[in-house]
Amino acid sequence: MKNLTKIIILFLFLNNLNAYDLTKEEKRYVDNKKVILVSNETSYEPYDYNVDGKPIGYSIDLLELLLKNTGLKIKYITKPWYELLEDLENKKLDLVHTIYKTPDREKIYNYSLGYSKVIHSYIIRKNLKDIDNISELYGKKVGISKGWAEEIFFNQFPKIKKVYFETLKDKLDALSIGEIDAIANDENVASYYIKKYGYTNLKISNPIKNRFNQKIDDHHYVTLKDNQYLISIINKAYRSLSIEDIERLNVKWFGNINKNFSENTNDLTKEEKYYLYNKKVLKMCVLPDWLPFEQIDEKGNHNGIGADLINFVSGYINTPIVLVPTKQWSSSLNNIRERKCDILPVAMDVPSRRDAMDFTKPYWKEPFVIATKLDKFFIKDSKSIGNKKIGIVKSYAFVEVLKLRNPGIEIVEVKNAQEGLKKVQNDELFGYVDIMAAVGYNIQKYGFYDIKIAGKLEFTIDLSIASRNDEPILNSIMQKAVNNISDEKLRTIVGKWIEIKVEQSLDYRKLFYVIFVFTLIVLVIMYKNRSIKVINQKLTKAYDEINEQKQLSDSLTKYQQTLLSLFDKSDAVIFKWRYNENWDVEYVSLSISKLLGYDSNEFLSKKISYMSCIDKKDLNIVKSELEKNLKKGIDYFKHEPYRIITKSGELKWVLDYIVTIKDNEGEITHILGYVTDITDYIMQQDVVLQQSKMASLGEMIGNISHQWRQPLSMISTVSTGIKLKKELGTLEEDELINDMDMINTNAQYLSKTIDDFKNFIKGERTLIEFDICETIKQVLTIVKASITNNFIDVELNCESEVLVKGYPNEFIQSIINIYNNAKDALISMPEDERYFYISLKKSNDNIEIILKDNGGGIDEKIIDKIFEPYTTTKHKSMGTGLGLNITYNFIVTGMNGNISVENIIFNKNNKSYKGAKFKIVLPIKSKENV
């Protein structure tokens, strides 16, 4: 097929060779345009994809080669394919590439010359019969992607079931495991993916006949019809390329056209290539649970640094490397000894393994550390551990090294890092020893906030690729592959997985030199965070129980006879009143009696009534709501949470749901109250509020530290200058006054930041009138360092002296919560395109506060639930899902306001952005009324 491509390219060049000369109109286009916006898909290898934010691929290289001497610069926009097509049609892009012709597309696009001939074929599993005719797919499942030409093609055949996937790799995964029966794709691309990702059970079947009346397709660059000059420039540039230029790209992305194994492009010898040719595939065993270096996930996929490294090695040696799954590292070691696998991607060279394995030179070094509980002291080396119990992963080679240095140490083998750290947390072990990256990764992932890295040991691990030593040529091949991994490539691979930076703990002898206040605050934050995981689990359970109870109560109105039968159960939390003026109790369940502390007979004999148990502060509200809804004849309703007083005088919070029972004439005869104790939920929510404030406190400390540097530096510089001028006798009175004013201004600024800090920490919950605009400015002062450090362009538009009644500290916390969510979304944007807007607008007796960003918006699947507890916009390891729920309660309950959110599109600097817009509406307290 590639021979065909070469012949066609040669034909084009011989017939279209002409001078590369732009017309006046084309030159004017270049001068006016300067930069063109070009599409970049996330994952369409090898033509067009993105790695670590960099667009790469055959089509990318070719375009940059074509426009190299035109004066046009390229800016890539990376999105899924269907969004790129939408952007082109909406004129948000100038050029889309790697696209085929279809009748519908030709109506709206200008096409360049075809730059890569492709044959579209069916891809199926090897155990299936080759497909000769489209009718053989009737009644079967075919994988397609939205917006691809294949979607248009298969739409012509309604008897074929279409299953949508986002990427080609997703489709190949589904095909490999039997979820679909076939896909259709370019033979070049399919062959590349099958080889690179090791789809050993897939094959390329027969070409698709007469696809859009063509047997062979071209890849093209396209613009809209009104952008003819860009296509003209590209065509001229393409015709001017040499055969050598095109061939270099073909070799780079598709290998040598000659498929003989002895001519593959790498620095392997003929013997090494012959070995790989006969081998067909290499089998690999791995560490099954040692992230960030390696892991076999629940779906059987190989993840981690080792996986990315092996992907590179496989591409370099042009040989698939397949995973042999194991559940334990010891099994992987046994497999390579028994020659059931050929290589170990992440291994340590120790004497006990050399009888069965060869090792490459180390490609990565990582220090060993020991993790202990917070109350343990600094550990300087392995001898300092003494004879304490230390956890190490089973079959870990480091055990030999550690035992040599400290024979008295007691080693306890564990399954993985998570188990080891858990045993440390439960005081079953003094410490857990592993490499820095593995310990830091697991501490953050599993929330071991009461564990620290107590010291860096004197050892480092040298990670190599191990290979079976009965085939020594394999070690030579692996070494050449490792040698061809650039330092930049290796740092990119490792950096992708080791994102957590864990600092070595300080020697406690030096802690006395640390500023006392900041040390105390850090310890308080660490202490508060110890229980956050358990509390979140309890809150989730409590919230789920309340929802389940509501669902149960909803069903009671439909099945009242079933409901009545429940009353005989002593564990039912339901009681019943006769509907009359005295609200007589006719039935009280055992659980209600336990809740209130009164015997059921005390209710039935009218010594005590349920209403008398309700806190006087809430009684009128409960009775008023009850009577109002009963008069309306409502079948089901609920009260807001209210307080009750038990027989022992204890105050508890309850939530109830009321169901009415009616006679045949529709008159209410009884009301049923379904009551649940939510005291723990209310109390724990208060704890979470405090933890939220502690988290903000930690960030504020960093902000204040950053904000103080410049004014302190200014005060120091000016005061030193005054002293020097005084000593030299050159100090003028006007200059002195000016300098003193400058010192005073900076001192006032420092004082203001302390006041902001103090007021926020003090956290008084006093209902007062406050200026909304000035309070927002105070918020921006608090987060100023965060704004600066994250390169966020903040724009505030507000009117002064807009007074509202509420709790200023809670309002500040609410705005900070919204800002923090926006900040986390904005950091994925380019540094010069991060926008956050706050604006105020009066509307009748209300003030509308708009906060919006261009961070991409909120997932439509969760936007309707965004204010519910445990709904998070972040990764589960980063957020609790309580921030916006807390904000909602502050605004709606605390300030009698309203808050809503929507995704929006807005323009900035002639560019369109998607983002989230929060709208807070609060009632205004006019200045005259104050």
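Bear in mind the structure is a predicted one, so any value in this text is a computation, not a measurement.

So, how was this worked out
Residues numbered from 1 in each chain as written. Predicted model: local features only at pLDDT ≥ 70, side-chain atom pairs only at ≥ 80, totals over all residues. Heavy atoms only, no water. Helix = DSSP H or I, 4+ residues; strand = E, 2+ residues; numbered from the N terminus. Salt bridge = Lys/Arg side-chain N within 4 Å of Asp/Glu carboxyl O. Buried < 20%, exposed > 50% of the residue type's maximum accessible area, 1.4 Å probe, protein only. Pairing = 2+ DSSP bridges. Right-handed = clockwise from strand over helix to strand, strands pointing away. Polar contact = N/O pair within 3.5 Å; in protein donor to acceptor, adjacent residues only side chain to side chain. Contact = heavy atoms within 4.5 Å. Core = buried A, V, L, I, M, F, W, Y, C linked by side-chain atoms within 4.5 Å. Phe/Tyr/Trp six-rings, centres within 6.5 Å; stacked < 30°, edge-to-face > 60°. Axes fitted to C-alpha atoms, helices over the stretch in contact; angles between N-to-C directions. Parallel < 35°, antiparallel > 145°, perpendicular 65-115°, else oblique. Nonpolar A, V, L, I, M, F, W, Y, C, P; charged D, E, K, R; others polar. 1 Å grid on protein atoms, 1.4 Å probe; cavity = no way out; pocket = protein on both sides within 12 Å on 5 of 7 lines; lining within 4 Å. Points joined across faces, edges and corners; volume = space filled by probe spheres on them.

Peer 1: Teacher, can you tell me more about unusual backbone geometry here?
Peer 2: Most peptide bonds take the trans configuration, and most residues that are not glycine carry a negative phi. One non-glycine residue, Lys91, lies in positive phi territory at about 65°. You can see Lys91 is positioned in the loop between helix H4 (81–89) and strand S6 (96–99).

Peer 1: Just checking my understanding: could you explain the pattern of salt bridges for this structure?
Peer 2: Side chains bearing opposite charge may pair, as long as their charged atoms lie close to each other. Evaluated as defined, the whole model comprises 27 salt bridges. Lys171 is the salt-bridge partner of Glu150, the closest N and O atoms lying 2.7 Å from each other. Taken together, the residues span a long stretch of sequence, with Glu150 in helix H6 (residues 149–154) and Lys171 in helix H7 (residues 168–176) at a distance of 21 residues. With a closest N to O distance of 3.0 Å, Asp355 and Arg337 form a salt bridge. With Asp355 in the loop between strand S20 (343–348) and strand S21 (357–359) and Arg337 in helix H13 (residues 329–337), the pair connects residues that are 18 residues apart, well separated along the chain. The class for Arg337 is partly exposed, based on a relative accessible area of 33%. Each of the salt bridges in this network shares a partner with another, and the network as a whole consists of Arg339, Asp342, Arg468, Asp470 and Glu471.

Peer 1: How should I be thinking about the pairing of strand S10 (residues 141–144) in this particular structure?
Peer 2: Strand residues, when the strand is regular, have side chains that alternate between the two faces of the sheet. The sheet contact formed by S10 and strand S11 (residues 161–164) spans four bridges and is parallel. Directly across from Lys141, in S11, lies its bridge partner Lys161. In this fold, S10 hands off to H6, which returns the chain to S11; that crossover is right-handed.

Peer 1: Where do I start with helix H8 (residues 187–196) in this structure?
Peer 2: An α-helical segment advances 3.6 residues per turn. Residues three or four places apart therefore align on the same side. Of all the ten residues making up H8, seven are buried; the element is thus mostly covered by neighbouring parts of the structure. Two residues or fewer past H8, Gly198 is found with a positive phi of approximately 70°.

Peer 1: What is the right way to read the side chain of Asn817 from this model?
Peer 2: Position of Asn817 relative to the elements: it lies in helix H30 (residues 808–826). A distance of 3.1 Å separates a polar atom in the side chain of Asn817 from a polar atom in the side chain of Thr887.

Peer 1: Quick question: what am I supposed to make of the sheet that holds strand S18 (residues 302–303) here?
Peer 2: Within a sheet, adjacent strands bond to each other through the backbone by hydrogen bonds, running parallel or antiparallel. Pairing is antiparallel across the open sheet formed by three strands, whose spatial order is S16-S17-S18. Looking at which strands have only one partner, the edges of the open sheet turn out to be strand S16 (289–290) and S18. Sheet topology places strand S17 (residues 294–296) next to S18; two bridges connect them, and they run antiparallel. For Ile296, the partnering residue across the bridge sits in S18 and is His302.

Peer 1: Looking at this structure, I do not really get the side chain of Gln425. What am I missing?
Peer 2: With respect to the secondary-structure elements, Gln425 resides in helix H15 (residues 417–425). Excluding its chain neighbours within four sequence positions, the residues that come into contact with Gln425 are Lys373, Phe448, Asp450 and Ile451.

Peer 1: Please clarify how the sheet that holds strand S4 (residues 54–56) should be interpreted in this entry.
Peer 2: Strands sit in the order S2-S3-S4 across an open sheet of three strands; the sheet is antiparallel. Strands at the two margins of the open sheet, each flanked by one partner only, are strand S2 (43–44) and S4. Where strand S3 (residues 48–51) meets S4, three bridges bridge the pair, whose relative direction is antiparallel. Within the sheet, the bridge partner assigned to Val51 lies in S4 and is Lys54.

Peer 1: Just checking my understanding: could you explain the nonpolar core for this structure?
Peer 2: With 78 residues, the main nonpolar core has Trp290, Ile317, Leu344, Phe368, Tyr396 and Met478 as its most contacted residues. Top contributing element to this core by residue count: strand S26 (residues 451–468), with nine residues. Core analysis: the next-biggest nonpolar cluster, separate from the first, contains 60 residues, Leu93, Ile99, Ala174 and Leu202 among them.

Peer 1: Would you explain the environment of Lys852 in this entry?
Peer 2: The topology assignment puts Lys852 in strand S37 (residues 846–853). Judged by relative accessible area, Lys852 falls into the partly exposed class, the value being 24%. For the pair Lys852 and Glu902, spaced 50 residues apart in the sequence, the C-alpha separation amounts to 9.5 Å. When neighbours within four sequence positions are excluded, Lys852 is seen to be in contact with Tyr835, Phe836, Tyr837, Ile904, Ala916 and Lys917.

Peer 1: Hey, could you run me through the packing of aromatic side chains in this one?
Peer 2: How two aromatic rings sit relative to each other is set out by the distance from centre to centre and by the angle between their planes. All told, the structure shown has 16 aromatic pairs when counted by the stated rule. Relative to Tyr58, the ring of Tyr47 has its centre 5.7 Å away and its plane inclined at 80°; by these criteria the two rings are edge-to-face. On the criterion of sequence distance, the pair formed by Tyr47 in the loop between S2 and S3 and Tyr58 in helix H3 (residues 58–66) is long-range, its members being eleven residues apart. What makes Tyr47 buried here is its relative accessible area of 0%. A relative accessible area of 1% means that Tyr58 is categorised as buried. A ring pair is formed by Phe867 and Phe918, whose centres lie 6.3 Å apart and whose planes are at 75°; its orientation type is edge-to-face.

Peer 1: How do you make sense of the pairing of strand S22 (residues 364–373) when you look at a structure like this?
Peer 2: Buried residues dominate S22, accounting for seven of its ten residues. Strand direction decides the pairing type here: S22 and strand S25 (residues 431–435), joined by four bridges, are antiparallel. Paired with Phe368 across the strands is Ile435, a residue of S25.

Peer 1: Is there a simple way to explain the packing of helix H2 (residues 24–33) against helix H9 (residues 228–240) in this structure?
Peer 2: Each pair of packed helices can be summarised by the angle the axes make with each other and by the distance between the axes. In the contact formed by H2 and H9, the axes pass within 10 Å of each other and the chain directions differ by 105°. For the element pair H2 / H9, the angle class is roughly perpendicular. Facing H2, whose interface residues are Glu25, Glu26, Tyr29 and Val30, H9 presents Tyr229, Leu230, Ser232, Ile233 and Lys236. For the contact of H2 with H9, the per-class residue count stands at five nonpolar, one polar and three charged.

Peer 1: I tried to follow empty space enclosed by the protein on my own but got confused; where do I start?
Peer 2: Inspection of the entire model under this criterion finds ten cavities of 30 Å³ or more. In this structure, the largest cavity spans a volume of roughly 190 Å³. Lining the largest cavity are 14 residues, with Tyr44, Thr98, Tyr100, Trp148 and Ala149 positioned closest to its centre. A breakdown of the residues in the lining of the largest cavity according to their chemical character gives seven nonpolar, three polar and four charged. The calculated volume of the second largest cavity comes to roughly 100 Å³. Lining the second largest cavity are twelve residues, and of these Leu287, Trp290, Trp329, Arg353 and Tyr396 lie nearest its centre. Of all the elements in the fold, those that place two or more residues in the lining of the second largest cavity are S20 and S26. Looking at the lining of the second largest cavity element by element, the count peaks at three residues for S20. Tallied by class, residues from the lining of the second largest cavity come to eleven nonpolar, no polar and one charged.

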